Amino acid sequence: MANNYRIYINDNTLFISEVLPEQKEKIQQLEFQDFDLQTFYKKLKNGSKKSYLFLTKNPEETFNKLKKNCEIIKAAGGLVESANGNYLFIFRNKKWDLPKGKLELGEKMKEAAVREVEEECGIKVLKREKKLCKTYHVYQNGSKMVIKKTNWYKMTVKGEPKLIPQKEEGIDEAVWLDKNHLAPVVKNTFPSIMDVMRTGGIL
């Protein structure tokens with residue numbers, strides 16, 4: 001089975017798939033020939049929430065061509081569950097988020113995920129479990145287009161420790177939330193975080 005890709009550009013979604021994705025929203029099909037990611041990025045209106053699609057027999061090949069002219073940044077993060085069955089969320093840059101960060105030199109994805117959770121929230125991870133999913137996010141850094149790939153892991157902690165948000169990373173708050181009380185998060189988070197929550201079975 002071929003890899004299919006879901007790439008977020010702000011609140012817009014770019015699919016690379018061999019089949020039409022199942023979704024209610026209207027999706028606009030694009031032609032890959034002569035496609036320029038930077039031009040496309042600049043044309044997207046701020047605040048738009050549209051879906052676009054490259055329909056291709058080889059999604060992986062198309063994705064590799066797309067990222068060829070981009071800087072690739074690898075990151076990792078965690079969906080953390082306490083012994084009480086609550087989940088860890090952080091409030092950063094006026095949005096609800098999950099703890100995550102870039103890999104350090106020579107670091108593996110799974111190691112980075114645990115380190116970032118521990119550093120950003122002041123806790124000790126008891127167990128890193130399975131990889132939940134990976135998300136892709138596009139943004140511009142100077143004149144360069146960046147594709148950020150983030151691997152997400154399920155994690156657990158002993159008890160429900162006090163959280164210490166890492167203020168120097170712009171984290172204003174870190175909280176434990178019951179999965180039946182996630183409405184504030186759903187209302188004000190990123191599409192990629194919604195993907196992680198769905199994959200983790202809390203939505």
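That block above? That's the structure.
Quick caveat, the model's predicted, so the values are computed rather than measured.

*Asks:* Before we move on, can you summarise the overall build of the protein chain with the specific residues and values?
*Replies:* When you go through the protein chain residue by residue, the secondary structure sums to five helices and 11 strands. What you see for the protein chain is a C-alpha radius of gyration of 18 Å, in line with the 17 Å of a compact globule of 203 residues. Here the protein chain holds 203 residues, and 47% of them are scored as buried. Partitioning the intrachain contacts of the protein chain with sequence separation of at least 6 by distance along the chain shows that 69% fall at a separation of at least 24. When the accessible surface of the protein chain is totalled, it reaches about 11700 Å², and 46% of it is carbon and sulfur. Within the protein chain, one finds 37 positive and 27 negative side-chain charges whose respective centroids are separated by 3 Å.

*Asks:* Describe in detail the nonpolar core, supporting the description with residues and values.
*Replies:* Within the largest apolar cluster, 20 residues are counted, with the highest numbers of intra-cluster contacts made by Ile7, Ile9, Leu14, Leu37 and Val138. Put simply, the parts of the chain that give this core at least two residues each are strand E1 (5-9), strand E2 (12-17), helix H1 (37-43), strand E4 (51-55), helix H2 (59-67), strand E9 (127-141) and strand E10 (144-156). Sequence-distant contacts of isoleucine 7, that is, excluding residues within four places in its chain, are made with Asn12, Thr13, Leu14, Ile16, Phe63, Leu66, Tyr136 and Val138. One finds Ala76, Met109, Val157 and Ile171 within the second-largest nonpolar core, a separate group that totals 19 residues.

*Asks:* Help me get a handle on H2, residues and values and all.
*Replies:* When we look at burial in H2, the residues that qualify are Pro59, Thr62, Phe63 and Leu66. End-on view of H2: buried residues confined to an arc of 100°, all on one side of the axis.

*Asks:* I'd like a description of the pattern of salt bridges, backed by residues and values.
*Replies:* Under the criterion given, the structure shown has 12 salt bridges. The shortest N-O distance in the salt bridge between arginine 92 and glutamate 120 comes to 2.9 Å. With arginine 92 in strand E6 (residues 86-92) and glutamate 120 in helix H3 (residues 109-121), the pair connects residues that are 28 residues apart, well separated along the chain. Taken as a pair, arginine 92 and glutamate 120 share a single burial class, namely buried.

*Asks:* Pulling in residues and values, what's your account of the pairing of E9?
*Replies:* Relative to E9, E1 runs parallel, the two sharing three bridges. Opposite isoleucine 9, over in E9, you have valine 138 as the bridge partner. The sheet contact formed by E9 and E10 spans 12 bridges and is antiparallel. Bridge pairing links histidine 137 to lysine 148 in E10. Linking E9 back to E10 in an antiparallel pair, the connection comprises two residues, with glycine 142 at a positive phi of about 65°.

*Asks:* Requested: an account of the environment of asparagine 93, with residues and values cited.
*Replies:* In this fold, asparagine 93 is placed in the loop between E6 and strand E7 (95-97). Spatially, the C-alpha atom of asparagine 93 lies 8.2 Å from that of aspartate 172, the residues being 79 residues apart in sequence.

*Asks:* Which residues make up H3, and what values go with them?
*Replies:* In this model H3 runs 18 Å from its N-terminal to its C-terminal C-alpha over 13 residues, within 8% of the 18 Å that 1.5 Å per residue would give. Of the positions making up H3, those classed as buried are Met109, Ala112, Ala113, Val114, Arg115, Glu116, Val117, Glu120 and Cys121. On its buried face, H3 is in contact with strand E5 (71-81), E6, strand E8 (100-102), E9, E10 and strand E11 (171-178).

*Asks:* Can you break down the environment of alanine 75 residue by residue, with the values?
*Replies:* Counting through the fold element by element, alanine 75 comes out in strand E5. When the C-alpha atoms of alanine 75 and histidine 137 are compared, they prove to be 11 Å apart, with 62 residues separating the residues in sequence. Excluding residues within four positions of it along the chain, alanine 75 makes contact with Gly101, Lys102, Leu103, Met109, Lys148, Lys149, Thr150 and Asn151.

Calculation notes
- Sequence order as written defines residue numbering, which begins from 1 separately in each chain.
- Predicted model: local features are reported for residues with pLDDT of at least 70 only, side-chain atom pairs are reported and counted for 80 or more only, and whole-chain, interface and lining totals are derived from all residues.
- The side-chain figures draw on all heavy atoms in the structure; neither hydrogens nor water molecules are used.
- Numbering goes from the N terminus for both helices and strands, where a helix is a DSSP run of H or I of at least four residues and a strand is a run of E of at least two.
- Our radius of gyration looks at C-alpha atoms and nothing else; its globule reference is 2.2 Å times the residue count to the power 0.38.
- Summary of the burial criterion: residues with accessible area below 20% of their type's maximum are buried, those above 50% are exposed, and those between are partly exposed, where the area comes from a 1.4 Å probe applied to protein chains only.
- It only takes one pair of heavy atoms within 4.5 Å for two residues to be counted as in contact.
- All accessibility values rest on the Shrake-Rupley procedure with a 1.4 Å probe; residue burial counts only the protein chains present in the view.
- His is not counted, nor are the chain ends; Lys and Arg add positive charge and Asp and Glu add negative charge.
- For the purpose of locating charges, the reference atoms are NZ of Lys, CZ of Arg, CG of Asp and CD of Glu.
- We define the nonpolar core as a collection of buried residues of types Ala, Val, Leu, Ile, Met, Phe, Trp, Tyr and Cys that are connected through side-chain atoms lying within 4.5 Å of one another.
- To be clear, the arc concerns the directions from the helix axis to the C-beta atoms.
- The working definition used for a salt bridge is a side-chain nitrogen of Lys or Arg within 4 Å of a carboxyl oxygen of Asp or Glu.
- When DSSP locates at least two bridges between a pair of strands, those strands are taken to pair.
- Each helix should span, by expectation, one fewer than its residue count multiplied by 1.5 Å.

Read these as layout, nothing more, since geometry by itself doesn't imply function.
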